[in-house]
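# Close look at the chain arrangement
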Amino acid sequence: MKSWLVWGVGVFAYVVAVLHRTTFGVSGLAATERFQISPSVLSGFVVLQLIVYAGMQIPAGVLLDRWGSRKVVALGAATMATAQLVLAITESLPLAYAARVFVGVGDALTFISVLRLVPVWFAARRIPVVSQLTGIFGQLGQVLSAVPFVLILTDIGWTAAYGSAAALGVLACVLVVAVVRDSPTGVREDFTPAGIRETVVQIGVVWRRPGTRLGFFTHMGTQFSVTTFALMWGVPYLESAQGLSAAAAGSMLTVSVGTAIAAGPILGILTGRFPNRRSLLVLTIIAACATMWTIVLALPGPGPLWLLILLIVVISVGGPGSMVGFDYARTFNPTPVLGTAQGIVNIGGFLATLLVVQTMGLLLDAFGGYGFDSFRVAWLAQYPVWILALVGVLVTRAKARRETGVYPRTLRQVFADRRSSPRGKLADSGTVHVEEERSDDDRGRT
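In short, a report on the structure. (Residues numbered from 1 in each chain as written. Predicted model: local features only at pLDDT ≥ 70, side-chain atom pairs only at ≥ 80, totals over all residues. Heavy atoms only, no water.)

## Some thoughts on the overall build of the protein
When helices and strands are counted, the protein shows 21 helices and zero strands. Across the 446 residues in the protein, those meeting the buried criterion constitute 57%. The long-range share in the protein, meaning contacts at least 24 apart out of those at least 6 apart in sequence, stands at 84%. Here the protein displays about 17,000 Å² of accessible surface, and carbon together with sulfur accounts for 68% of that area. (Helix = DSSP H or I, 4+ residues; strand = E, 2+ residues; numbered from the N terminus. Buried < 20%, exposed > 50% of the residue type's maximum accessible area, 1.4 Å probe, protein only. Contact = heavy atoms within 4.5 Å. Areas by Shrake-Rupley, 256 points an atom, 1.4 Å probe, with all protein chains shown as cover.)

## A word on the packing of helix 1 (residues 2–26) against helix 10 (residues 158–179)
Where helix 1 contacts helix 10, the axes come no closer than 9 Å and their chain directions differ by 155°. Classified by the angle between their axes, helix 1 and helix 10 sit roughly antiparallel to one another. Relative to helix 10, helix 1 is oriented so that their crossing is left-handed. Listed contacts from helix 10 to Leu5, Val6, Val9, Phe12, Ala13, Val16, Leu19, His20, Thr23 and Phe24 of helix 1 are Trp158, Tyr162, Ala165, Ala166, Leu168, Gly169, Leu171, Ala172, Leu175, Val176 and Val179. Tallied by class, residues from the contact of helix 1 with helix 10 come to 18 nonpolar, three polar and no charged. (Axes fitted to C-alpha atoms, helices over the stretch in contact; angles between N-to-C directions. Parallel < 35°, antiparallel > 145°, perpendicular 65-115°, else oblique. Left-handed = near helix turned anticlockwise from the far one by under 90°. Nonpolar A, V, L, I, M, F, W, Y, C, P; charged D, E, K, R; others polar.)

## A few points about the environment of Gly163
As for its position among the elements, Gly163 is in helix 10. Look at Gly163 and you get partly exposed, because its relative accessible area is 25%. Gly163 sits 78 residues away from Leu85 along the chain, and the two C-alpha atoms are 5.5 Å apart.

## Regarding the packing of aromatic side chains
Throughout the structure, instances matching the rule amount to 24 aromatic pairs. Their ring planes at 70° and their centres at 4.8 Å tell us that Trp4 and Phe122 sit as a pair that is edge-to-face. With Trp4 in helix 1 and Phe122 in the loop between helix 6 (93–121) and helix 7 (127–138), this pair connects stretches of sequence that are 118 residues apart. When the centroid spacing of 4.2 Å and the interplanar angle of 50° are considered together, the rings of Tyr53 and Phe350 count as tilted. Of this pair, Tyr53 sits in helix 3 (residues 39–55) while Phe350 is found in helix 18 (residues 338–366), placing the two residues 297 residues apart along the sequence. Grouping residues by exposure puts Tyr53 and Phe350 together as buried. (Phe/Tyr/Trp six-rings, centres within 6.5 Å; stacked < 30°, edge-to-face > 60°.)

## Considering the pattern of salt bridges
Applying the stated rule across the entire model yields five salt bridges. For Arg21, the salt bridge goes to Asp107, with nearest N and O atoms at 2.6 Å. Here the residue Arg21 occupies a position in helix 1, and Asp107 occupies one in helix 6, the gap between them amounting to 86 residues. In this structure, Arg21 and Asp107 share a single accessibility class: buried. When the shortest N-O distance is used, the salt bridge between Arg330 and Asp327 registers 2.8 Å. With Arg330 and Asp327 both in helix 17 (residues 323–332) and three residues apart, the pair spans about one turn of that helix. Across this residue pair, the class does not change: Arg330 and Asp327 are buried. Each of Arg278, Asp327 and Arg330 takes part in salt bridges that share partners, so that together they form one network. (Salt bridge = Lys/Arg side-chain N within 4 Å of Asp/Glu carboxyl O.)

## Regarding the side chain of Arg397
Inspection of the secondary structure puts Arg397 in helix 20 (residues 383–404). Exposure remark for Arg397: the relative accessible area of 17% places this residue in the buried category. A polar contact is formed between the side chain of Arg397 and the side chain of Ser279, at a distance of 3.3 Å. (Polar contact = N/O pair within 3.5 Å; in protein donor to acceptor, adjacent residues only side chain to side chain.)

## Structural notes on a nonpolar patch on the surface
Residues Ile387, Val391 and Val395 make up a contiguous nonpolar surface patch of roughly 260 Å² in combined accessible area. With respect to the helices and strands, Val395 occurs in helix 20. Residue classification places Val395 among the partly exposed residues on the basis of a relative accessible area of 40%. (Patch = residues over 30% accessible without salt bridge, like charges linked within 9 Å, V, L, I, M, F, W, Y side chains within 5 Å.)

## With respect to the environment of Ser245
Looking at where Ser245 falls in the secondary structure, it is placed in the loop between helix 12 (210–241) and helix 13 (246–273). In this structure the C-alpha to C-alpha distance between Ser245 and Val235, which are 10 residues apart in sequence, comes to 9.5 Å.

## Re the nonpolar core
If you look at the biggest cluster of nonpolar residues, it comprises 126 residues, and the most contacted ones within it are Phe229, Trp233, Tyr237, Trp293, Phe375 and Trp379. It is helix 12 that contributes the most residues to this core, 14 residues altogether. Dropping the residues within four chain positions of it, Trp293 is found in contact with Ser225, Phe229, Tyr237, Leu311, Ile315, Trp379, Gln382, Tyr383 and Trp386. (Core = buried A, V, L, I, M, F, W, Y, C linked by side-chain atoms within 4.5 Å.)

Below, the structure is given as structure tokens:
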């Protein structure tokens, strides 16, 4: 039970971090009025936050490897709470920008630190599913920003809404300090601190592992579309281009969370049972997202509600789908550098997101603001990222297979193994016997 308690508090901190991350997206129009800014300047808030978030991933991973999850998550929660409090009371545009920078810093420290707790506190067979649940339940923060935060913002005002978010951040910090521990014994695995030069060399070694790069491109291709939608342009698009009310547009984001909750455990089970087929899941998710956006953008006018819901459902599978990237990092890197590897993987999706968010803001400015035709052009910024991610996954997957000398079995071989097993199924599904993406020095780990 203690493992679930520690994990649960960590997930709560991540929920609050996602709340902080997404508040500006659902309050975009209110921010436009409060600070008297254009769409490109508005997108600059999120882009700056994402630049900091992506840029902090490797430093955050190094800090995680040195300090452990408890200290890093608590520091992230305190940083975001302070930043949201500043944003609640300021009307200064430069100060508001600075506050979002520190939201990005605190956010960067949180997710990979919570994810690091999973292999320490849970048995190997549970790691893929619990990792999925970490990402899934964390997205409940998006529900908090889409529903109660928006209600407070609409009924009471900006200061009360952002002040409430800051209060939750303080609560998260206190709970993490009181409950979270870095290991069941209370003692972390020894890590010898390295100097700057050794740290840079270590980062290079981690990056050169094909599985790390495969995780990077996996995260890039699956995660950015739904993150762009939820973090910045989804609500304005649904309101201004598709004609939904503010309440309806905000509620549509809950569809995204519900989809992630439903899809995550399924993807986690499939990842654990068929590790050689992980890349097939990734390629399918990327192709499905691109296809759905193509259908919606090809329409001459606003789409029917059922089609918009289907769009959100499909792109939202990319959230839990991106967790496969972290599974690559785990199975390709030894524990002492796992934080660094996860940080590198996490850069992929958020680097793509910040590029698409900013490009869309510029295109909206160039094509006349928040109109239907402007948004239709702006959303095309996603396609180059999908192409890059697909190429990256295919190339790094091939390198991983060549390095390990292991290729995925055919479905006929899989089912033959299941029939020949004494219990009619493969042995312990939590133990990976043969993987297309596993490195030599990690072959003995689970």
